[in-house]
Amino acid sequence: MGTGKAKFLALVQLINLIGVAVFLFIGIKLTGSYVGIGGYSLTIILGNFLILTYIKRTVDISRFSYLADAGGIKLIIQFVMICVAFIALHNFNLNPFIVASGLFVAWLLLFGSNLKNYTDILLNLFKPAKQG
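Residues numbered from 1 in each chain as written. Predicted model: local features only at pLDDT ≥ 70, side-chain atom pairs only at ≥ 80, totals over all residues. Heavy atoms only, no water.

Draft legend 1. Structural detail: the overall build of the protein chain. Across its full length, the protein chain carries 6 helices and 0 strands. Listed N to C, the secondary structure of the protein chain is α-α-α-α-α-α in terms of helices and strands. Here the protein chain holds 132 residues, and the buried ones make up 12% of them. Considering only contacts in the protein chain between residues 6 or more positions apart, those separated by 24 or more positions represent 55%. When the accessible area of the protein chain is evaluated, it comes to approximately 10,300 Å², of which 72% is carbon and sulfur surface. (Helix = DSSP H or I, 4+ residues; strand = E, 2+ residues; numbered from the N terminus. Buried < 20%, exposed > 50% of the residue type's maximum accessible area, 1.4 Å probe, protein only. Contact = heavy atoms within 4.5 Å. Areas by Shrake-Rupley, 256 points an atom, 1.4 Å probe, with all protein chains shown as cover.)

Written out as structure tokens, the structure is:
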């Protein structure tokens, strides 16, 4: 958003994450279907593609090289894991908590090395801003 307010942007992302989790849970409970997870995943991919397309027009960069430099390979792996979880939930009678636990463990393996950075960002959200 270009405001230079990292805490604000992190808070917006946290609110987005909580909102998505709550509304996906409600959707699953109301419809008895996990199709919303697939729709959410596709929306994220489409949104990121549109943002990269806009940036490409403005800055003239390669979408692939930008994605690779920004750690996009991990994001692609995460997307594939979510797709596999979606297919498993849709086609087999699996407990959603077991699938979610498997995704969590896979996420820890994939992003565990960044966990300290994520924790520092989260903790900084709650620290008062320095004056002066």
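From this point, the discussion proceeds with the structure in view.
Draft legend 2. Molecular detail of the environment of valine 80. Position of valine 80 among the secondary structure elements: in helix 4 (residues 72-91). Each C-alpha atom of the pair valine 80 and serine 41 lies 9.7 Å from the other, and the pair is 39 residues apart in sequence.

Draft legend 3. Expanded view of helix 4. When the terminal C-alpha atoms of helix 4 are compared, their 28 Å separation across 20 residues agrees well with the 28 Å that a helix rising 1.5 Å per residue should span. Buried positions along helix 4 lie against helix 2 (35-59), helix 3 (63-69) and helix 5 (96-111). (Expected span 1.5 Å × (residues − 1).)

Draft legend 4. How the structure looks around a nonpolar patch on the surface. A contiguous nonpolar patch, built from Phe104, Val105, Leu108, Leu109, Leu115, Tyr118 and Ile121 and spanning about 660 Å² of accessible area, is present on the exposed surface. Those elements that provide at least two residues to the nonpolar patch are helix 5 and helix 6 (115-125). Per element, the largest residue contribution to the nonpolar patch is 4 residues, and it comes from helix 5. For leucine 109, the location among the structural elements is in helix 5. Here leucine 109 falls in the exposed class, since its relative accessible area comes to 72%. (Patch = residues over 30% accessible without salt bridge, like charges linked within 9 Å, V, L, I, M, F, W, Y side chains within 5 Å. Salt bridge = Lys/Arg side-chain N within 4 Å of Asp/Glu carboxyl O.)

Draft legend 5. The arrangement of helix 2 in detail. Between its first and last C-alpha atoms helix 2 spans 36 Å; for 25 residues at 1.5 Å apiece the expected length is 36 Å, and the two agree. The complete set of buried residues in helix 2 reads Gly38, Ser41, Leu52 and Thr53. For helix 2, the elements touching its buried residues are helix 3 and helix 4. Of the residues trailing helix 2, aspartate 60 is marked for its positive phi of about 60°.

Draft legend 6. Region of interest: the packing of helix 2 against helix 4. One way to put it is that helix 2 packs onto helix 4 with a least axis distance of 9 Å and a crossing angle of 160°. The pairing of helix 2 with helix 4 is recorded here as roughly antiparallel in orientation. Read as a crossing pair, helix 2 and helix 4 show a hand that is left-handed. Across from Val35, Ile37, Gly38, Ser41, Leu42 and Ile45 in helix 2, the residues of helix 4 making contact are Phe79, Ile82, Phe86, Leu89 and His90. Of the residues in the contact of helix 2 with helix 4, the class split is 8 nonpolar, 3 polar and no charged. (Axes fitted to C-alpha atoms, helices over the stretch in contact; angles between N-to-C directions. Parallel < 35°, antiparallel > 145°, perpendicular 65-115°, else oblique. Left-handed = near helix turned anticlockwise from the far one by under 90°. Nonpolar A, V, L, I, M, F, W, Y, C, P; charged D, E, K, R; others polar.)

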